[in-house]
Amino acid sequence: MPAPNIDTIVSLAKRRGFVFPSSEVYGGLGSAWDYGPLGVELCNNVKQAWWRWLVYERDDIEGIDSSIILNRLVWKYSGHEATFNDWLIDCRKCKGRFRADKIVDNKCPSCGASDWTEARPFNTMLQTKLGAVADDDPTAVAYLRPETAQGIFINFLNVQTTMRRKLPFGIAQVGKSFRNEVTPGNFILRTREFEQMEMEYFVSPTAEHSKLVDYWVEQYLEWFGSLGVNRENLFLYEVPGEELAHYSKRTVDIMYRYFPEREKPWEELMGIAWRTDFDLGTHSKNKLDAEGKRLNPDSTEDLSYFDEAAKQRFYPHVIEPAAGVNRTVLAVLMDAYSEKTNDKGETRVILKLSPQLAPIKAAILPLAKNKPEIVGMAKAIKRSLQPVLRAVYDDTGGIGKLYARQDEIGTPFCITVDHQSLEDEAVTVRDRDTWEQERIKVSDLADHLQKRLKPFPVPESI
Ligand code: GAP
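Residues numbered from 1 in each chain as written. Predicted model: local features only at pLDDT ≥ 70, side-chain atom pairs only at ≥ 80, totals over all residues. Heavy atoms only, no water.

Chemist: Just checking my understanding: could you explain the pattern of salt bridges for this structure?
Modeler: Any two side chains of opposite charge can pair, given that their charged atoms come close. Throughout the structure, instances matching the rule amount to 33 salt bridges. Of the charged contacts, one joins Glu181 and Arg99 as a salt bridge, the two residues approaching to 3.9 Å between their closest N and O atoms. In this pair, Glu181 sits in the loop between β9 (169-178) and β10 (193-203) while Arg99 sits in strand β5 (residues 97-99), placing the two residues 82 residues apart along the sequence. Looking at Arg99, the relative accessible area reads 10%, which means it is buried. Note that Glu438 is salt-bridged to Arg452, the shortest N-O span being 2.8 Å. Of this pair, Glu438 sits in strand β23 (residues 437-441) while Arg452 sits in helix α13 (residues 442-452); the two residues are 14 residues apart in sequence, bridging distant segments of the chain. You can call Glu438 partly exposed: its relative accessible area is 33%. (Salt bridge = Lys/Arg side-chain N within 4 Å of Asp/Glu carboxyl O. Helix = DSSP H or I, 4+ residues; strand = E, 2+ residues; numbered from the N terminus. Buried < 20%, exposed > 50% of the residue type's maximum accessible area, 1.4 Å probe, protein only.)

Have a look at this one:
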């Protein structure tokens, strides 16, 4: 049973330290969120799982980390300055301002009127100024990147030559992006500051691009499955021609059921686009237009590729899977949410996170916190596990409360140390999902957890 709605996750996230509304001490900041002690671990685990899967486990992908602020010309030639717009309309009756494409049945979502101004473009790149310059100095304008992708394109040759890569190969990057969204909202689903995990896969102009889009869609469906996202809550949306971005010839969006309670439950989790050779061509000094004029007189590099086998020079095409960290985290939380009734008839929340994503893998709980020997043993076990898996020690409540808290934050194992442990050097390991308990020797504990935490990889050496 996934979460019935996003609000259930909002309240769990705040109650248990995953996500807090940002700037609360000053009344908040609309649609900005801070990730708490457990949220930062969950985000890091998602990003690490992605990086491991693409950069370490495959042999055809390199990673980079480019600047967030790039030369303004990057955004001129990428097309973002001219086209990265939302179309705005104002309601003449209540003066509300909305995105034209989000209006249903021509009715104002605030007051129900249908009296609109003309639609006008609003560029959603977030501007800043570089250096100590006058407010109106146009040469100081810069942007916080709206996608991580451009940092990859402008580094294509650097990566290709230094890593001696031949096509096909990919470059992955994870990091913050910024968009001055007109209507942010729905918790961490649409915010002005967010994180992306993008990979640009460079292929020959004669590759089977559409098949490669399908290939990456399948790869990501599998990957989301490995994170615990149920296939039934994912839906493929073939983006129609009129909705495609200026660089795309084909895009498939993977949608997640973020709104199970609504008639329209789906929202984009990620997109997989065939970006053609637009990006490498547009940033290249030698690319010519139909009249033989240089398309980019500002570029000092040519991002073309020489194919030794075919003895041909060309601009590689790109297949781009672009996913959001925050939307992945939200989907993972919603699908992990479940409820269970205990012997006393009380309903408990259990967050059935995939072990690789759980913020804490094991909680060490002493059964008697006033017994120094038991506390000492529990703390020693915590310290012995910590080098290889995230473990915590907790003695801030009765055992029932401690179990409930760990279940609610998705900790796969609770380990209790009791009087008997002092005698037999063994502890009780309780499973989050079944609540079953077994007695394990302390000397076997690390091995035991290591096996059961798979696919979370733990080095053999412990
Ligand atoms: N480079 C292509 C690109 O940026 P996109 O569909 O605009 O494509 C990719 O963004 C992903 O980034 C989305 O599928 C979504 O997961 C995430 N994303 C985009 N805008 C976002 C926002 N305002 N808040 C949270 N995540 C966002």
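Chemist: Mind showing me how you'd approach the sheet that holds β9 here?
Modeler: As a general point, the strands of a sheet are linked pairwise by backbone hydrogen bonds and lie either parallel or antiparallel. Strand order in the open sheet formed by 7 strands is β3-β9-β10-β16-β13-β12-β11, with mixed pairing between adjacent strands. The open sheet terminates on both sides in strands that have one partner only, identified here as β3 (61-63) and β11 (234-238). The average undirected angle you get between the axes of adjacent strands in this sheet is 25°. Where β3 and β9 come together, 3 bridges link them in parallel fashion. When the sheet's bridge partners are listed, Gly63 is paired in β9 with Ala172. Contacts from helix α2 (residues 37-56) reach β3, β9 and β10, with the element oriented near 165° to β9. Running over the sheet, helix α7 (residues 209-226) touches β3, β10, β11, β12 (250-257), β13 (266-276) and β16 (317-324) and is turned about 20° from β12. (Pairing = 2+ DSSP bridges. Axes fitted to C-alpha atoms, helices over the stretch in contact; angles between N-to-C directions. Contact = heavy atoms within 4.5 Å.)

Chemist: So what exactly am I meant to see when it comes to the side chain of Arg430 here?
Modeler: Here Arg430 lies in strand β22 (residues 426-431). The contacts of Arg430, once residues within four sequence positions are left out, are Tyr403, Asp407, Pro412, Phe413, Cys414, Trp435, Glu436 and Gln437.

Chemist: I keep staring at the state of the cysteines and nothing clicks. Help me out?
Modeler: What is meant by a disulfide is a covalent connection between two cysteines, made through their sulfur atoms. What the rule picks out here adds up to 0 disulfides. Left unpaired, Cys91 is separated from the closest cysteine sulfur, that of Cys111, by 3.7 Å. (Disulfide = S-S within 2.5 Å.)

Chemist: For this particular structure, what's the right way to read the site of the ligand?
Modeler: Near the ligand, the surroundings consist of 21 residues, among which Glu147, Arg179, Glu181, Glu198 and Glu268 are the closest. At 2.8 Å from a nitrogen atom of the ligand is found a side-chain nitrogen or oxygen belonging to Glu181. In this structure, Arg275 approaches the ligand through a side-chain N or O atom, which is 3.4 Å from a nitrogen atom. Considering the ligand on its own, with 560 Å² of exposed area, one finds that the protein chains cover 91% of that surface. Listing elements by their share of the shell around the ligand, those giving two or more residues are β10, β13 and β16. At 5 residues, β13 tops the list of elements feeding residues into the shell around the ligand. For the shell around the ligand, the class distribution of residues is 8 nonpolar, 4 polar and 9 charged. (Near = heavy atom within 4 Å. Polar contact = N/O pair within 3.5 Å; in protein donor to acceptor, adjacent residues only side chain to side chain. Areas by Shrake-Rupley, 256 points an atom, 1.4 Å probe, with all protein chains shown as cover. Nonpolar A, V, L, I, M, F, W, Y, C, P; charged D, E, K, R; others polar.)

Chemist: Mind showing me how you'd approach the packing of aromatic side chains here?
Modeler: Centre-to-centre distance and the angle between the planes together describe a pair of aromatic rings. Counting across every chain of the model gives 18 aromatic pairs. Judged by centre distance (5.3 Å) and plane angle (10°), the rings of Trp53 and Trp223 are stacked. Of this pair, Trp53 sits in helix α2 while Trp223 sits in helix α7; the two residues are 170 residues apart in sequence, bridging distant segments of the chain. The pair Trp53 / Trp223 is uniform in exposure class, with both members buried. When the ring of Phe156 is compared with that of Phe202, the centres are 4.6 Å apart and the planes differ by 50°; the resulting orientation is tilted. Pair noted here: Phe156 is in helix α6 (residues 156-162) and Phe202 is in strand β10, with a separation of 46 residues, a long-range link. Neither residue differs from the other here; Phe156 and Phe202 are each classed as buried. One aromatic cluster in this structure is built from Trp53, Tyr201, Tyr215, Trp216, Tyr220, Trp223 and Phe224. A cation sits over an aromatic face here: Arg262 above Phe259, 3.9 Å from the ring centre. Seen from the ring of Tyr247, Arg275 lies directly overhead, with NZ or CZ sitting 3.6 Å from the centre. (Phe/Tyr/Trp six-rings, centres within 6.5 Å; stacked < 30°, edge-to-face > 60°. Lys NZ or Arg CZ within 6 Å of the ring centre and 35° of its normal.)

Chemist: Help me understand the pairing of strand β21 (residues 413-417) in this model?
Modeler: Put simply, side chains in a regular strand alternate between the two faces of the sheet. Counting buried positions along β21 yields 5 of 5 residues, so the element is predominantly enclosed. Residues Phe413, Ile415 and Val417 line one face of β21 and the alternating positions Cys414 and Thr416 line the opposite face, and both faces are buried. The sheet contact formed by strand β19 (residues 362-366) and β21 spans 5 bridges and is parallel. By the bridge assignment, Ile364 is partnered in β21 with Ile415. When β21 meets β22, the two strands line up antiparallel, connected through 4 bridges. Among the inter-strand pairings, Phe413 is bridged to a residue of β22, identified as Asp431.

Chemist: Is there a simple way to think about helix α9 (residues 325-336) in this case?
Modeler: Every α-helix carries 3.6 residues per turn, so stepping three or four residues along brings you back to the same face. An ideal rise of 1.5 Å per residue puts 16 Å on 12 residues; α9 measures up with 16 Å between its terminal C-alpha atoms. Most of α9 sits inside the fold, with 12 of its 12 residues counted as buried. (Expected span 1.5 Å × (residues − 1).)

Chemist: Would you mind showing me how to read unusual backbone geometry here?
Modeler: Across the chain, the bulk of peptide bonds are trans and the bulk of non-glycine residues have phi less than zero. Cis geometry is found at the peptide bond from Leu167 to Pro168, where omega equals -5°. Along the chain, Pro168 turns up in the loop between α6 and β9. The phi torsion at Ser23 lies on the positive side, around 55°, for a residue other than glycine. Relative accessible area serves as the criterion here: at 31%, Ser23 is assigned to the partly exposed category. Even without a glycine there, the phi angle at Lys311 is positive, about 50°. Here Lys311 shows up in the loop between β14 (305-307) and β15 (312-314).

Chemist: What is the right way to look at the sheet that holds β21 in this model?
Modeler: Ordered in space as β20-β19-β21-β22-β23, the 5 strands form an open sheet in which the pairing is mixed. Both edges of this open sheet fall to β20 (391-393) and β23, since each of them pairs with a single strand only. Neighbour-to-neighbour, the strand axes of this sheet turn through a mean angle of 25°, independent of strand direction.

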